[in-house]
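A closer look at the structure
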Amino acid sequence: IEYIRSYYFNKVEDVRFSSSLGKYVGYTEPGLKNAEAWNKDTSDLAAMNAQKETYCLNNIGIDYQAA
């Protein structure tokens, strides 16, 4: 299971948080700058990593039962 949160501007993905990497990754020039700044905030990274457990792992059982 992987938690991904993407940020888009003008239909182009700028930044993505990936729980498998545990950090933000930038894909455009502004996205790279934002990712660098956001990766310095360890409390935000911990909160984003916790989203995998709070959102994904709680709902995975429900989704598999429905299928």
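One can find the structure itself at the top, above this paragraph.
This section reports on the structure supplied with the text. By convention here, each chain's residues receive numbers from 1 onward along its written sequence. Under the rules for a predicted model, residues below a pLDDT of 70 receive no local features and side-chain atom pairs below 80 are neither given nor counted, while totals for whole chains, interfaces and linings still include all residues. Remark: hydrogens and water are excluded; side-chain values derive from all non-hydrogen atoms of the structure.

Positionally, Ile60 belongs in helix H2 (residues 42-66). Note: C-alpha distance between Ile60 and Ile1 (59 residues apart in sequence) is 8.8 Å. Only DSSP runs of H or I with at least four residues qualify as helices, and only runs of E with at least two residues qualify as strands; both kinds are numbered from the N terminus onward.

Salt bridge criterion: a side-chain nitrogen from Lys or Arg within 4 Å of a carboxyl oxygen from Asp or Glu. If you walk through the whole model with that rule in mind, you get one salt bridge. For Arg16, the salt bridge identified is with Glu13, shortest N-O distance 2.9 Å. With a relative accessible area of 16%, Glu13 lands in the buried category. Each residue's exposure class comes from its accessible area (1.4 Å probe, protein chains only) as a fraction of the maximum for that residue type: buried when under 20%, exposed when over 50%, partly exposed otherwise.

When DSSP finds two or more bridges between two strands, those strands count as paired. Two strands pair when backbone bridges link them, and strand S2 (residues 12-18) and strand S3 (residues 23-26) are joined in this way by four bridges, in the antiparallel orientation. From the neighbouring strand, Val15 faces S3, where its bridge partner is Gly26. Following S2, the chain reverses through four residues before pairing antiparallel with S3; Gly22 in that reversal takes a positive phi of roughly 75°.

Positive phi outside glycine occurs at Asn10, with the angle close to 55°. The topology assignment puts Asn10 in the loop between strand S1 (4-9) and S2. The class of Asn10 is exposed, set by a relative accessible area of 63%. The phi angle at Lys11 is positive, at roughly 65°, despite the residue not being glycine. Secondary-structure assignment places Lys11 in the loop between S1 and S2.

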